[in-house]
Amino acid sequence: MTDRRLFLARSAAALATVAAPAVLRAQAFPARPIRYICPWPAGGSTDAVMRSLAESAGRTLGTSIIIDNKPGAGGTLGAIELVNAKPDGYTVSQLPHGVFRIPHMQKVSFDVLKDFTWIACLTGYTFGLVVPVSSPIKTLQDYVAYAKANPGKMTYGHTGAGTSPHLAMEEFAQRAGIQLVHVPFKGNADNMQAVLGEHVMSASDATGWGPHVEAGKLRLLATYGSQRTKRWPNVPTLDELGYKTVSDSPFGVCGPKGMDPAVVRVLHDAFRKTLDDPAVLATFDKFDQTIIYKNTEDYTRFARESYAAEKATIERLGLAAKS
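Before going into details, it helps to say that this report is about the structure given with it.

Analysis parameters
Residues numbered from 1 in each chain as written. Predicted model: local features only at pLDDT ≥ 70, side-chain atom pairs only at ≥ 80, totals over all residues. Heavy atoms only, no water. Helix = DSSP H or I, 4+ residues; strand = E, 2+ residues; numbered from the N terminus. Buried < 20%, exposed > 50% of the residue type's maximum accessible area, 1.4 Å probe, protein only. Contact = heavy atoms within 4.5 Å. Arc of directions from axis to C-beta. Polar contact = N/O pair within 3.5 Å; in protein donor to acceptor, adjacent residues only side chain to side chain. Core = buried A, V, L, I, M, F, W, Y, C linked by side-chain atoms within 4.5 Å.

### Remarks on the environment of L275
- In this structure, L275 sits in the loop between α10 (261-273) and α11 (278-286).
- Its relative accessible area of 4% is what places L275 among the buried residues.
- Placed 152 residues apart in sequence, L275 and T123 show a C-alpha to C-alpha distance of 9.0 Å.
- Among all residues touching L275, those that are not within four sequence positions of it are L122, L281, F284, I291 and Y293.

Below is the structure:
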């Protein structure tokens, strides 16, 4: 009996010794500012939303969360940065939906299923198709009619090959039986400048176009969600118009692989709390975004499922990389 008690006591002590470092690390984290990579240019809708999230989560964590803009490559530069980052919680990033698609289209330097820690999903986009208000195109039906009458002449800007604004338009075009010319930009701000300056005939993007629509400079032809938006309830969706195209691209905060679960929990809880912050919710409303919350386990499962689903979409659109 004495030996058994001694064994149990030693086992309990060993477990406490193993658990203690994780607890201490969580208690000590964060001890310095956190870098939150935005893989889009400053001034766009994603940048604005991420800055709001960073400010709110930073207050909870008691440190600064600094937005680091890394635009280009279809929004995948954040993923590339995470591959080489230390898994200490001090470098995190937004990983847009394109990270599930682009690996099926071209060679990339990351493995979506192995290289990341999916900390928390927080929100998603409202995408839409806009034209300059001076355009003779008044409706999506006009858009399709023009594209059919002028194959290969209708241009649209988007935020990079393989991004949701690009792939949604390609899916729509395939279902509508039209040929469009896509023009990639680094992000929302550049895309909006191009369509406002009429350098492209239309633009597919997240709701950075919202203020320009409200100011009467751009005309919104359709949105890509499963339902109409609160702000533009009279504008139809691509799905309800018969094109079977739905896109909202959930996103949040991700880190490198191999992060300490205790640190992941600290970050998760801080970013989860942002969804109760009126300032964050006001920013969501400004860009017509909704709460799309997934915890670490659910977000990880979503990543696996999305990677498989996007492979099928890319193959259907004929955009898969040639082997």
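Once you've had a look at it, read on.
### Some thoughts on α11
- If you check which residues of α11 are buried, you get V280, T283 and F284. Down the axis, α11 shows its buried residues gathered within 105° of arc, on one side only.
- Contact partners of the buried residues in α11: α2 (45-61), β4 (116-123) and β11 (291-294).
- In this structure D277 caps α11, since a side-chain oxygen of it lies 2.9 Å from the backbone nitrogen of A279.
- Among the residues trailing α11, D288 stands out with phi positive, at a value near 55°.

### As for the nonpolar core
- Grouped together as the largest cluster of nonpolar side chains are 54 residues, with contacts concentrated most on Y36, L140, Y143, F172, L180, L267 and F271.
- Ignoring sequence-local partners within four residues, the contact set of F271 consists of Y36, L53, A57, I65, L122 and V253.
- F100, W118, C254 and I292 belong to the second-largest nonpolar core, a separate cluster that totals 15 residues.

### A closer look at the environment of D68
- Inspection of the secondary structure assignment puts D68 in strand β2 (residues 65-69).
- Residue D68 is classed as partly exposed on the basis of its relative accessible area, which comes to 22%.
- Sequence spacing of D68 and P41 is 27 residues, and the spatial spacing of their C-alpha atoms is 9.5 Å.
- Ignoring any residue separated from it by four or fewer positions in sequence, one finds D68 in contact with R35, Y36, I37 and C38.
- Within the structure, D68 has its side chain in polar contact with the side chain of R35 (distance 2.7 Å).

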